[in-house]
Amino acid sequence: MPVVVYLLTLLVFPIILIALYSVGLKTNVVYPPISYSWSDWKGFLPFLHSGPESVYFKRFTLSIQITLIVSVSAVVLAYPLAFFLAFVARRRRYTLLMVMLAPFFTSYLLRIYAWTVMLPGHGTVNSALEWMGLVNSNNPITFFYHSRFAIGLVLAYSWIPFVALPIFVVLDNLDFRLLEAAQDLGAGRFSTFLRVTLPLSLPGVIAAFVFVLIPTTGEYITPYLVGGPNDLMFGNFIQNAFTGENRWNFGSVLAMWLMLVVLVMIAVSSRYLTADLRGEKH
Amino acid sequence: MVLFLYLPLAVLVIFSFNNNNSPVLPLKGFTTHWYDQALNNPNLTDALKRSLLLAAVNALAATLLGVMAALALSARRLFGRGFVIALIMLPLVVPYVVLGVGMLILLHSLGLHTSLQALLVMHVLVSVPYGVLVILPRLNTLDPSIGEAARDLGASAMAAFTRITVPLILPAMASSFVIAFTISFDEVAIANFLVPPGHNTFPTYLYNNARTPYLRPQTVAIGGLIIAASLLLVVLSEVGRRRAERGLGS
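Calculation criteria
- Residues numbered from 1 in each chain as written.
- Chains lettered and ligands numbered in written order.
- Predicted model: local features only at pLDDT ≥ 70, side-chain atom pairs only at ≥ 80, totals over all residues.
- Buried ≥ 20, exposed ≤ 12 C-beta atoms within 10 Å, placed from the backbone.
- Helix = DSSP H or I, 4+ residues; strand = E, 2+ residues; numbered from the N terminus.
- Axes fitted to C-alpha atoms, helices over the stretch in contact; angles between N-to-C directions.
- Parallel < 35°, antiparallel > 145°, perpendicular 65-115°, else oblique.
- Left-handed = near helix turned anticlockwise from the far one by under 90°.
- Contact = placed C-beta atoms within 7 Å.
- Nonpolar A, V, L, I, M, F, W, Y, C, P; charged D, E, K, R; others polar.
- pLDDT = per-residue confidence, 0-100.
- Core = buried A, V, L, I, M, F, W, Y, C linked by C-beta atoms within 7 Å.

Considering helix α10 (residues 202-209) of chain B
By the criterion of burial, α10 of chain B is predominantly enclosed, with 6 of the 8 residues buried. The set of residues buried in α10 of chain B consists of Phe202, Pro203, Thr204, Tyr205, Leu206 and Tyr207 of chain B.

In structure tokens form, the structure reads like this:
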């Protein structure tokens, strides 16, 4: 099969090369020469060396924190949307779903770019606030841009529809008789939601959460465009090791680590992802 | 909420016509000056042309490869099916920064320089899984006896494929083409590693010039144009699909 050959040469083989770089068995520089060594791994991972944590590992834990915050906020923002589409907008729900998804068929990069136009001190949002007299032009709100807030906002914004979709699918396929039964048995609207709807929609929520978690862990475009110099994420350090600092061996350690973390995330969540697929078939 | 989702798009479209070089309210009046400026900036227009060509070739190659893979996977017997499926879906979960790094190292090992061809190869790699995901379910719904009937009536395997199977999976192939085109036209995380100096694609042009204030109005203009055009396409294709469905239903 041509596609198998294609993937083995251009995906599996390069990952093996990265692994070889990470232990010094290949290199792109003359000095130090090729020699088998775990020293780059030891310098990076805190449990392999004594002394303080390396800046790179600190950056990794910070990226995981940002990723978790983004994933949780995207789910929290998207759930009401999915709920509204599935239960309130009964007849028009597919049209509304289309309206909601349409912006996300347009360029992802241009949507990030739009935020770089809106968020700065002299950007659209601040000027609108000035115009309304809420902000003084000499003292614009600066935490909107070049900040962790900006990274979180833009990433959560990018993911909302992707998160809303799996939750919507689960809610839309819920057996309504269960909800009616809960209400017949005396449960209020709120306790029906809390004790019936929410637990039943959990597979969709977890699937959505993982859909955000995996790509955000390696993300470097959004932090570069809207984050400040102290907010760069792990992916930026990987990119910089290859294109800026020319430290390919160390960069390979970071890339391998990212791969391993993502693989572990998939292994842990695969149970929920397949459960979600079974749920869709009802 | 819907307002929030559309806000960035609206900002690009509105400010592309605003007669002020910084994107602030209140609006100052209508102009097409920024569009003129953008279309007369060869760096920008060359990047756009490169991206359009790259996206078109990618869409074609990824769809062909996707059809081949889907055909193999739809066979009743296939040695190592689980492994093949896992391999094809792998690009969906490998972080793009790792894909970019991997190709960069591969090129270096082979003594090759970065090139748009190398980028194309990676775009095909990340587009194929989506192609398989839309084409394979369609192939699986086809009744195998249709193909067998064609063969019984004297069609060669090739003729049965091109005259029976292809027309039936054409809508899925079209979806695969559009998805692959969009992926390539928008992809920057891999492109940053593989685009040779002076050969920006549109996404790497945006990425590299996002912090250059004097280029901003014209970039906003082109961005607004692309956003408006793609939204229009989405709406038209959705309306077309619904018309077609209604036509089938009556």
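Quick notes on the packing of helix α5 (residues 96-109) of chain B against helix α6 (residues 116-141) of chain B
Residues and elements named next belong to chain B. Two elements in contact, α5 and α6, have axes whose closest approach is 11 Å; the angle formed by their N-to-C orientations is 140 degrees. Of the possible angle classes, the one that applies to α5 and α6 is oblique. In this structure, the crossing between α5 and α6 has a hand that is right-handed. Across the interface between the two elements, Leu99, Met103 and Leu107 from α5 touch Ala118, Met122 and Val126 from α6. The class makeup of the residues in the contact of α5 with α6 is 6 nonpolar, no polar and no charged.

Details of the interface of chain A and chain B
Contacts between chain A and chain B engage 59 residues on the former and 58 residues on the latter. Secondary structure elements with two or more residues in the side of chain A that touches chain B: α1 (2-22), α4 (93-101), α5 (108-118), α6 (124-131), α9 (189-217), α10 (221-226), α11 (234-243) and α12 (248-280) of chain A. Among the elements that take part in the side of chain A that touches chain B, α1 of chain A stands out by supplying 13 residues, more than any other. Along the lines of polarity and charge, the residues of the side of chain A that touches chain B split into 44 nonpolar, 14 polar and 1 charged.

Notes on unusual backbone geometry
Residues and elements named next belong to chain A. Notably, His146 is not glycine yet its phi reads approximately 50 degrees, a positive angle. Relative to the helices and strands, His146 is located in the loop between α6 and α7 (148-172). For His146, a count of 20 C-beta atoms within 10 Å corresponds to the buried category. In this structure, Asn246 is a non-glycine residue whose phi angle is positive, near 55 degrees. Note on placement: Asn246 falls in the loop between α11 and α12.

With respect to the environment of Ile14 of chain B
With respect to the element layout, Ile14 of chain B can be found in helix α1 (residues 2-15). As for Ile14 of chain B and Gln117 of chain B, which are separated by 103 residues in sequence, their C-alpha atoms are 36 Å apart.

Section: the confidence of the model for chain A
On average, chain A scores 86 in pLDDT, and the residues at 70 or more come to 96%. Of the regions scoring below 50 in pLDDT, residues 275-282 of chain A engages in 11 contacts with residues more than four places distant in sequence or in other chains.

Observations regarding the confidence of the model for chain B
The predicted model of chain B averages 88 in pLDDT, with 98% of residues at 70 or higher. Both confidence scores are given for the complex: pTM 0.89, ipTM 0.88.

What about the nonpolar core?
Residues and elements named next belong to chain A. Of all hydrophobic cores here, the largest spans 139 residues; its most connected members are Ala78, Val163 and Ile167. No other element matches the 15 residues that α7 contributes to this core. Setting aside residues no more than four positions away along its own chain, Ala78 makes contact with Ile160, Val163, Ala164, Ile167 and Ala208.

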